[in-house]
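Below, each chain spelled out in residue letters.
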Amino acid sequence: MTDTEKYDRQLRLWGEEGQARLEKSHICLINGTATGTETLKNLVLPGIGGFTVVDGNKVSASDLGNNFFLDKSCLGLSRALKVCEFLRELNDRVKGSSCEEDPVHLINEKISFFKEFDLVIANRLPEAALTTLSQYLWEHNIPLVVVVSYGYIGYLRLVVPEHQIVESKPDTPLDDLRIYNPFKELEEMADQLDLKSLNSQQHGHVPYITLMVHLLKKWKVDSNGGKMPSTRDEKESFKKFFISNANSFQDEENFQEGVKGIWKVLQPYSVPSDIVAIMNDPKAANLSSTSDDYWVMVAALKKFHETHQVLPLQGTIPDITADTISYINLQKIYHEKASADLDEFTSIVNSLVSSVGKTLIPSEMIKKFCKNVRFLNLVRYRSLVDEFTPATARSAYMISELEQPDSNLVFYIVLRAVEKFNNIYNRYPGFNDEEVDADIPLLKSCVTSLLNDLSIPTTLVKDDYITEIARYGHCELHNIASLMGGVTSQEVIKLITHQYVPLDNTFIFNGINSTANPYKL
Amino acid sequence: MTDNKFQNIIDTLGIDTFEKIRSAKVLVVGAGGIGCELLKNLVLSGFRDIHIIDLDTIDLSNLNRQFLFRKHHIGMSKAKIARESVLKYCNNSDDIKIVAHHADIKTHEFGPNYFKQFNLVMNALDNLSARRHVNRICLSVDIPLIESGTAGFLGQVSVIRKGVTECFECIPKVPPKEFAVCTIRSNPSAPIHCIVWAKMLFGRLFGLADDSNAVTDMDDNIVEGDKDDTDNVIRDELLPLAKQKSYEQWVFHKVFYTDIDRLARMTELWKEKKPPRPLVYDELFSPDGQQTTTTTTTTSNGINSSSGRGLKDQVVMSFQENINMFVESIRKLQVQNEQNGALTWDKDDNLALNFVVSASNIRSHIFNIPLKSKFDIKAMAGNIIPAIATTNAIISGLIVLEAFKVLNNEFDKCKSTYLLKQPSGKRLLLPIDPEKPKSDCYVCSQNFITLKINTKTTTLSQLLNDVLKKNLSFHDPILTVGASLLYEGGDEDLSKEEIEERNKLEQKIIADYKMPDNTILNVEDYLQNFKVSILIIHCETFDEDGKWFDISGKQKDQSTNNNNNHDSNNNNNNNTEDDLDDLEIIENPVDMQIDASSDKSTAKRKEIESETSDSTKKHKLNENNEQ
Ligand SMILES: [Zn+2]
């Protein structure tokens, strides 16, 4: 049982189900830097189940300058231990542990260590170790989140083979009203409407949905040979007809509401293309006893759609002008249709489940799926290996992005080159103040070689950026670390709760002008 | 040596900026979600002379994001504990000076003179009136202000500088939904109407006496007719009997029987819907106080109670459970009332919340309105805005980046930045250049507004409290017309007689007190260092139900319009004949807010860059956002 009072303000965002998922999750942080610590702080506060900090470093003077939780008394002690200690203080419901081993060593020698986590946050890992880890996690379908803050620049990359979302929670979901293709009960109700028999009070309070269904049918039978309006002229003519049925258009809000959304209503019903794509995914066609519940339900959705040519109805209607009784009746019709659809959908799911030999899917889950069916989402990330391998890197895309003025992608290139630099010289450029000037040409040659590998013209990365990054000397500024910690933890919450749509797949923050862009690399 | 740990900052920002940071004196207004993060970021960015002020105390529901507070701090001052925690973590406290005030920013102690000592003010507030207040003072003493707010996954940061950027009040704020009194009292049609009613009932039963609260009159038992028309009046004779039995039975009978019976008899109200049905206490409870029957359970579209872990508060209680809760909460509240005097309603006080939950649900049942869960009612009654750590972290980071620019006097580089829920188009953060000050802003440009009001019925007290204080956020207005002083507030030096005299004055109708149609009223607030002229226009009808006054800004003629000069002293006594425009200004920011649980709230959002998809909007956040 969660702490409803303490978590009240966030439960209003992701609900008890999202909270339960958070509380079940165990998250690993590699390297307790300022960025890593701030990320984890924002996850411990809302109550993840547990965390483990892996860090072979001892607390140094530079940690004190940018990590809020470390003070002088921590100097020389294990950073994993101290960070873990301070984070545990933030929430007594969260279990924290630390591992003082060098993460690179762990990755190379005992990678199965990472199998137990629900998500891994990697910070400041050399490219080779990062690649190895990402491959391992990829095979085990564990999300990896890579985050770096480097001076004024922040970088974030999410990696997971497949991320399923039932509750994408769009900003302004429109109700599925089926005015264009009314279901039987709605049509019958509209058929019964006799506008002439109504007094003026009643006339102005017929819900516009009923009006629209009624008048559309009348218009197409009387004036359009039984066809729905399809051309612009036909639609205009229907609109005139609709308005002409008002006693006094200026005074009848129900008619005004009808006209407001008339162009949308006259669009033929269609299933959103991304939902079609999900239904046509091979995973829905090839079910087995190991299929995820998600894919079983998508397969059931496809069957439902094949039978009815529509998706299950959600059954909600907006707040519209209407007298109470008509409104309640209308609500009832939609509601009953929705629950009939849900029943049918549930029985399809159950028969699929038994035919492939899976355990039953809880009815609450089926209900949730059914309710959100128009907003399903699926993100398939590209792997880091595909991104890092020149043959599969998206060079053309990067070129087009880098050609934009002030593109933030340039920082991605330079940060990749920084890792190359580290690989060659075993230190970071500009790390020692005296060496900044000497390091700039070395870093530049790393940039050049990376760009050559990727077949990107070297002119697309100006020297200024290389100088800027060298000047940062691999440092973390607390303020940027904190901001990136905020962005990263937000995406982690989306991944863990399976609500909202997470970034796909890279995010660059530029603190010099407070801009940020997502890139698909 | 101490600066050593800031070497990274010196390397990245340069020594000049760093020196400015070290010598800057800044004020953080608010020690909540943004305030905590901001204080941490400021200290770790090298700021070392910080004042922080907050009037609030720590609550359990803060702990999911306000990371400087622990359970054992509940009930203590946010500002003081935030200071303590930061200094504890920073260890080398002698280098950092943080002054914490557990106080209301809107008091004389923190007037313009107090503000003058700072290089920069940062707002981390959760309410509109304090934001307006700080905005006015910062403008008056010409101190740069960074304004910010978050709501769920959304957030925004902007820089306000007199004469250079738009001020906080240049853009009229969204009028929160207000309900007509008759909807609340006689004809509810949605759960929110019953919730508003229940809060008013709470005030009536347990709060301070308030003549404007007309929710019910406890001893009035007339159910039909008028008390002056003694022949035709019908009374509920059961009410005095109920009063003798017990307090809770009296209240129950009065609000769910007598008042409902009266409404049900107004047949013209119920032509289109089922009339409300009065409830009889004894039918619901046997004489020993036990419930007799399990009457019908009205379910609603709430969350199914069978769901696995089932958070209790998210389940819609049955009608009978509501009845029981209502009676029990009245009993307990009455005891509290006797012990502690008048109570104020607080969404985090479980007993007070239980009262509103049960009272509103019973009323909903009576009027055939769906019942709601405690969780939902809390959000609607308490105007709760979701809040999480992640958003506050991002916004606080952005505030500090703007602070660097402000200290460097680089106002040309300052941005207003909007944080979106998910990347839209190509952005998650949307930085835009700040707007120029609006030439018709009554705060930073023109100091002139037009007020339409019924001058023949409105009292001075209503003008003062509802219009000037609640709506226009004046703290302590002084009213003059021409050379004559009409009203001055403040209690300090007044004798009892003088106060009585003034109370009498406040009951005067404004038309009878030198403010008839077409008067120019000058209002001044010393604390805010703010002056405005108000043209009063007599008006008897308003286009919306429940509205009884209308405020609009005033456009200067085109020739002066382009002049974005920030000369704000009133030059406006002579332009009364200009046309009025329809600039809307907030109606009633404080009490009734839109349903905060809904993302598609009625918040008026200012669009930008209309070329992209409709989600690329400049989200002008609800000004009451929480952090
Ligand atoms: Zn202004």
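For clarity, every value in this text was computed on a predicted model and none was experimentally measured. (Residues numbered from 1 in each chain as written. Chains lettered and ligands numbered in written order. Predicted model: local features only at pLDDT ≥ 70, side-chain atom pairs only at ≥ 80, totals over all residues. Heavy atoms only, no water.)

Undergrad: Quick question: what am I supposed to make of the coordination of the zinc ion here?
TA: Around a metal, the perfect tetrahedron of four donors has angles of 109.5 degrees, and the perfect octahedron of six donors has angles of 90 or 180 degrees. Residue and element names in this part refer to chain B. Within the protein, the atoms that donate to the zinc ion are Cys-167 (SG), Cys-170 (SG), Cys-441 (SG) and Cys-444 (SG), at distances of 2.2 to 2.3 Å. Coordination geometry of the zinc ion: the 4 donor atoms subtend angles of 96 to 118 degrees at the metal centre, consistent with an arrangement described as tetrahedral. Linear spacing of the donor residues for the zinc ion on their chain is C-x2-C-x270-C-x2-C. Highlighted residues: Cys-170 in the loop between strand 6 (154-160) and helix 7 (181-185) and Cys-444 in the loop between strand 10 (427-432) and strand 11 (448-453), separated in sequence by 274 residues. The buried category is assigned to Cys-170, whose relative accessible area is 5%. Using a relative accessible area of 9% as the deciding quantity, one classes Cys-444 as buried. (Donors = N, O, S within 2.8 Å, 3.2 Å for Na, K, Ca; no water. Tetrahedral: all angles 85-135°; square planar, octahedral: opposite > 155°, others 65-115°. Helix = DSSP H or I, 4+ residues; strand = E, 2+ residues; numbered from the N terminus. Buried < 20%, exposed > 50% of the residue type's maximum accessible area, 1.4 Å probe, protein only.)

Undergrad: Honestly, helix 12 (residues 319-340) of chain B in this entry has me stumped. Any pointers?
TA: Residues lying three or four places apart along an α-helix face the same way, a consequence of the helix completing one turn every 3.6 residues. Residues and elements named next belong to chain B. In a regular helix each residue adds 1.5 Å, so 22 residues correspond to 32 Å; helix 12 covers 31 Å between its end C-alpha atoms and thus fits that length. Within helix 12 the residues assigned to the buried category are Phe-319, Gln-320, Asn-322, Ile-323, Met-325, Phe-326, Val-327, Ser-329, Ile-330 and Leu-333. Buried residues belonging to helix 12 abut helix 8 (191-206), helix 10 (247-264), helix 11 (281-284) and helix 13 (350-366). Where helix 12 terminates, the next one or two residues include Gly-341, which has phi positive at roughly 80 degrees. (Expected span 1.5 Å × (residues − 1). Contact = heavy atoms within 4.5 Å.)

Undergrad: I'm lost on a negative patch on the surface in this one. Help?
TA: Where like charges cluster on the molecular surface, the negative patch consists of Asp493(B), Glu497(B), Glu498(B), Glu500(B) and Glu501(B). With respect to the secondary-structure elements, Glu498(B) resides in helix 17 (residues 496-506). (Patch = residues over 30% accessible without salt bridge, like charges linked within 9 Å, V, L, I, M, F, W, Y side chains within 5 Å. Areas by Shrake-Rupley, 256 points an atom, 1.4 Å probe, with all protein chains shown as cover. Salt bridge = Lys/Arg side-chain N within 4 Å of Asp/Glu carboxyl O. Lys, Arg positive; Asp, Glu negative; His and termini not counted. Charge placed at Lys NZ, Arg CZ, Asp CG, Glu CD.)

Undergrad: It is not clear to me how the sheet that holds strand 1 (residues 26-30) of chain A should be interpreted in this structure. Could you clarify?
TA: Two orientations exist for strands paired in a sheet by backbone hydrogen bonds: parallel and antiparallel. Residue and element names in this part refer to chain A. Strand order in this open sheet of 8 strands is 3-2-1-4-5-6-9-10, and the pairing throughout is mixed. Single-partner strands in this sheet number two, and they are strand 3 (95-99) and strand 10 (515-519). The average angle at which neighbouring strand axes cross in this sheet is 15 degrees, direction not considered. Relative to strand 5 (residues 144-150), strand 4 (residues 119-123) is paired through 4 bridges, and the arrangement is parallel. Each residue of the ladder has a partner; that of Ala-122, found in strand 5, is Val-146. (Pairing = 2+ DSSP bridges. Axes fitted to C-alpha atoms, helices over the stretch in contact; angles between N-to-C directions.)

Undergrad: Is there a simple way to explain the pairing of strand 9 (residues 506-510) of chain A in this structure?
TA: The two faces of the sheet receive side chains in turn, since in a regular strand these alternate between them. Residues and elements named next belong to chain A. Across the 5 residues that make up strand 9, a large majority, 5, are buried. Side chains of strand 9 alternate between two faces, with Thr-506, Ile-508 and Asn-510 and Phe-507 and Phe-509 buried alike. Pairing geometry for strand 6 (residues 153-159) and strand 9, over 5 bridges, is antiparallel. Across the sheet, residue Leu-156 finds its bridge partner in strand 9, namely Phe-507. Note: strand 9 against strand 10, 5 bridges, orientation antiparallel. Within the sheet, the bridge partner assigned to Phe-507 lies in strand 10 and is Pro-518. The hairpin formed by strand 9 and strand 10 contains 4 residues between the paired strands, and Ser-514 there has a positive phi angle of roughly 50 degrees.

Undergrad: What is the right way to read the pattern of salt bridges from this model?
TA: Note that side chains of opposite charge can pair when their charged atoms are close. Overall, the coordinates contain 57 salt bridges over all chains when judged by the stated rule. Across the pair Glu101(A) and Lys110(A) runs a salt bridge whose closest N-O atoms are separated by 3.5 Å. For Glu101(A), a relative accessible area of 28% gives the class partly exposed. Classification of Lys110(A) as partly exposed rests on a relative accessible area of 42%. A salt bridge links Glu169(B) to Arg136(B), with the nearest nitrogen and oxygen atoms 2.8 Å apart. Of this pair, Glu169(B) sits in the loop between strand 6 and helix 7 while Arg136(B) sits in helix 6 (residues 128-141), and the two are 33 residues apart along the sequence. With respect to class, Glu169(B) is no different from Arg136(B); both count as buried. Here the salt bridges do not stand alone but share partners, grouping Asp8(A), Arg9(A), Arg12(A), Lys347(B), Asp348(B) and Lys378(B) into one network.

Undergrad: Looking at this structure, how should I read the environment of Gly546(B)?
TA: All names here are of chain B. With respect to the helices and strands, the residue Gly-546 is situated in the loop between strand 15 (530-538) and strand 16 (549-553). With a relative accessible area of 48%, Gly-546 lands in the partly exposed category. Along the chain, Gly-546 and Thr-183 lie 363 residues apart, while their C-alpha atoms are 9.2 Å from each other.

Undergrad: Is there a simple way to think about the environment of Ser329(B) in this case?
TA: Residue and element names in this part refer to chain B. With respect to the element layout, Ser-329 can be found in helix 12. Note on Ser-329: relative accessible area 2%, which makes it buried. Linking Ser-329 and Gly-490, residues 161 residues apart in sequence, is a C-alpha distance of 38 Å. If we ignore the near neighbours within four places in the chain, the residues touching Ser-329 are Leu-351, Asn-354, Phe-355 and Ser-358. One polar contact links the side chain of Ser-329 to the main-chain carbonyl oxygen of Phe-326, over a distance of 3.1 Å. (Polar contact = N/O pair within 3.5 Å; in protein donor to acceptor, adjacent residues only side chain to side chain.)

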